[in-house]
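This is what each chain is made of:
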Amino acid sequence: MPRMRLDKLLAHLNCGSRKEVQVMIRAGRVQVDGTVERDPAAKVDADNAQVALDGQVQQYQAQRYYMLNKPAGVITASRDARHDTVLDLFPEEMRRGLFAVGRLDKDTEGLLIVTDDGALSHALMSPVKHVYKVYEAVVEGDLLPDAATRFAAGLALKDGTVCLPARLEPLAGGDVQRVRVTLREGKYHQVKRMIAAVGGAVVQLRRVQMGGLQLDPELAAGAFRPLTEQELALLQQPTQESI
Ligand code: URA
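(A) Quick look at helix 3 (residues 118–125). Listed as buried for helix 3 are Leu120, Ser121 and Leu124. The buried residues of helix 3 occupy an angular sector of 100 degrees when the element is viewed end-on, so they sit on one face. Within helix 3, the exposed residues directed more than 90 degrees away from the buried face are Ala119 and His122. Those residues of helix 3 that are buried lie in contact with strand 7 (65–70), strand 8 (99–100), strand 10 (133–140), strand 13 (201–210) and helix 6 (229–236). Of the residues that open helix 3, the one with a side-chain oxygen 3.0 Å from the backbone nitrogen of Ala119 is Asp117.

This is the structure:
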């Protein structure tokens, strides 16, 4: 039967870093088989011991998948000395092992998947998989009359980079110009550069969908929640639609 140090086991259970869980253990927040254990070096039976933190029994989780509604003003990175990051929106004890799938600009809002599943991340970001991403943008300036046709044909950006066919659709928007952009690749600042190439400027950008998964309209900016199994399946299923 594998015996393991308690601090190591709790770190494996994603309760925090080794240092963080040592503090929790010494503070009396951890129980092993119903008894408080204050020694981080205590050896426990990793397979059979019931380990609780703050009264909550901890179990090995399979992989973790969260939908985050990224607010503007935070950067898509795990750690940054100068800026708030998307991972700072998660409690310290949850952050270990998590990362964002792909990148949204600092001023972009909306759907971001945060997970510890590297294989899923790779599959979603792989250029050959062509996972669809849908954005809604508020745009200033007069777009060329044939902007949508240019998007559909494979637009050339101002620097000559040619994009895969994409969709540009108007959205009802009152006194501002709103568009929906559907892409199946993820070049740097791609939506902003595509809109610039057809005469406009993006003043607000929000991702609302990735693959078959839509941003939960009930999820406030800055909030996250676990994906349901159904949502995870939607994210993983091959795209049916074509541009
Ligand atoms: N395109 C952009 O220009 N910015 C983003 O954050 C995402 C797509």
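(B) Local environment of the domain arrangement of the chain. Domain boundaries assigned for the chain yield domain 1 (3–57), domain 2 (65–127 + 216–236) and domain 3 (132–210). For domain 1 and domain 3, the distance between their C-alpha centres works out to 50 Å.

(C) Summary view of the pattern of salt bridges. Summed over all chains, the structure comprises 14 salt bridges. With a shortest N-O distance of 2.7 Å, Lys192 and Asp107 are connected by a salt bridge. With a gap of 85 residues between them, Lys192 in helix 5 (residues 190–197) and Asp107 in the loop between strand 8 and strand 9 (108–115) connect regions that are remote in the sequence. Residue classification places Asp107 among the partly exposed residues on the basis of a relative accessible area of 44%. Arg193 is the salt-bridge partner of Asp159, the closest N and O atoms lying 3.0 Å from each other. Placement of Asp159 in the loop between helix 4 (147–153) and strand 11 (167–171) and of Arg193 in helix 5 is noted, with a sequence separation of 34 residues between them. Judged by its relative accessible area of 53%, Asp159 falls in the exposed class. One network of salt bridges, in which partners are shared, links Arg5, Asp7 and Arg18.

Rules used throughout
- Residues numbered from 1 in each chain as written.
- Predicted model: local features only at pLDDT ≥ 70, side-chain atom pairs only at ≥ 80, totals over all residues.
- Heavy atoms only, no water.
- Buried < 20%, exposed > 50% of the residue type's maximum accessible area, 1.4 Å probe, protein only.
- Helix = DSSP H or I, 4+ residues; strand = E, 2+ residues; numbered from the N terminus.
- Arc of directions from axis to C-beta.
- Contact = heavy atoms within 4.5 Å.
- Polar contact = N/O pair within 3.5 Å; in protein donor to acceptor, adjacent residues only side chain to side chain.
- Domains from an automatic or database assignment.
- Salt bridge = Lys/Arg side-chain N within 4 Å of Asp/Glu carboxyl O.

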